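Observations on the model geometry
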Amino acid sequence: MKILVAHASNYDYQTELYEPLKQSGLAQEHTIIFPHDEENAEIETNSVIPEAGLLIAEVSHPSTGAGIEIGLAQAAGVPTIFLCKAGTTPSSALKFIKGTLIEYTDAADLVAKVQGYLTSS
């Protein structure tokens, strides 16, 4: 499955989001597009979204760009999971968007819950 990852750029997404997902083995089972990795610098996410089987949106930090990507995914009918770190408050606008909200406590919990979602879908 092709999976696009959306997130804010004002936190350490490489360490907190990308590395746990890459080390989990999910990247060997699925094509995961990490938009801020060097090899994806030329990719326009709006052209990838309609082809994606899933959008993983990390919503613990506010982000206009991720919000746009979430809206585009919704318009394209792409299933979306919203990852929210325990102790943070995601945008209240998420209640109007179709998707699955997953709260996680740490990197291992994040990976386990994403894997659980993918297994049950």
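In the block above lies the structure referred to throughout.
So, here's what we can say about the structure. What you are looking at is a predicted structure, and each value in this text was computed from that prediction instead of being measured. (Residues numbered from 1 in each chain as written. Predicted model: local features only at pLDDT ≥ 70, side-chain atom pairs only at ≥ 80, totals over all residues. Heavy atoms only, no water.)

Taking 1.5 Å as the rise per residue, helix α5 (residues 107-120) with 14 residues should run 20 Å; its terminal C-alpha atoms sit 20 Å apart, in good agreement. Regarding α5, the residues found buried are Asp 109, Leu 110, Val 111, Val 114, Tyr 117 and Leu 118. Sitting at the head of α5, Asp 106 places a side-chain oxygen 3.3 Å from the backbone nitrogen of Ala 108. (Helix = DSSP H or I, 4+ residues; strand = E, 2+ residues; numbered from the N terminus. Expected span 1.5 Å × (residues − 1). Buried < 20%, exposed > 50% of the residue type's maximum accessible area, 1.4 Å probe, protein only. Polar contact = N/O pair within 3.5 Å; in protein donor to acceptor, adjacent residues only side chain to side chain.)

With that settled, consider the sheet that holds strand β2 (residues 31-33). Read across the open sheet, the five strands follow the order β2-β1-β3-β4-β5; overall the sheet is parallel. Each end of this open sheet is capped by a strand with a single partner; those strands are β2 and β5 (100-104). Looking at each pair of strands side by side, their axes are set apart by 20° on average, direction ignored. Pairing analysis gives three bridges linking strand β1 (residues 2-6) to β2, with the strands arranged parallel. Of the residues in β2, the one forming a bridge with Ile 3 is Ile 32. Packed onto the sheet, α5 meets β1, β3 (54-58), β4 (80-85) and β5 and runs at close to 150° relative to β5. (Pairing = 2+ DSSP bridges. Axes fitted to C-alpha atoms, helices over the stretch in contact; angles between N-to-C directions. Contact = heavy atoms within 4.5 Å.)

Under the definition given, this model contains three aromatic pairs. Between Tyr 18 and Phe 34, the aromatic rings sit 4.7 Å apart at their centres with planes inclined by 55°, giving tilted as the arrangement. With Tyr 18 in helix α1 (residues 13-23) and Phe 34 in the loop between β2 and α3 (45-48), the pair connects residues that are 16 residues apart, well separated along the chain. Here Phe 34 falls in the buried class, since its relative accessible area comes to 4%. An aromatic cluster is built from Tyr 11, Tyr 13, Tyr 18 and Phe 34, whose rings are joined through pairwise contacts. In this structure, Lys 22 is placed above the aromatic ring of Phe 34, and the distance from its NZ or CZ to the ring centre is 5.0 Å. (Phe/Tyr/Trp six-rings, centres within 6.5 Å; stacked < 30°, edge-to-face > 60°. Lys NZ or Arg CZ within 6 Å of the ring centre and 35° of its normal.)

Of the pockets and cavities examined, the largest pocket occupies roughly 230 Å³. A class-by-class count of the residues in the lining of the largest pocket yields eight nonpolar, six polar and no charged. (1 Å grid on protein atoms, 1.4 Å probe; cavity = no way out; pocket = protein on both sides within 12 Å on 5 of 7 lines; lining within 4 Å. Points joined across faces, edges and corners; volume = space filled by probe spheres on them. Nonpolar A, V, L, I, M, F, W, Y, C, P; charged D, E, K, R; others polar.)

A full pass over the atoms with the stated rule returns two salt bridges. In this structure, Lys 2 and Glu 51 form a salt bridge, with 2.9 Å as the shortest nitrogen-oxygen distance. Of the two residues, Lys 2 is situated in strand β1 and Glu 51 in the loop between α3 and β3; the sequence distance between them amounts to 49 residues. Overall, the relative accessible area of 28% leaves Lys 2 in the partly exposed class. The salt bridge involving Asp 109 is made with Lys 113; its shortest N-O contact spans 3.2 Å. (Salt bridge = Lys/Arg side-chain N within 4 Å of Asp/Glu carboxyl O.)

As a packed pair, α1 and α5 sit with axes 9 Å apart at the nearest point and diverge in direction by 55°. Overall, the two elements α1 and α5 adopt an arrangement that is oblique. Relative to α5, the crossing made by α1 is right-handed. Residues Glu 16, Leu 17, Pro 20 and Leu 21 of α1 lie in contact with α5, whose contacting residues are Ala 107, Leu 110, Val 111 and Val 114. Here the contact of α1 with α5 is composed, by residue class, of seven nonpolar, no polar and one charged. (Parallel < 35°, antiparallel > 145°, perpendicular 65-115°, else oblique. Left-handed = near helix turned anticlockwise from the far one by under 90°.)

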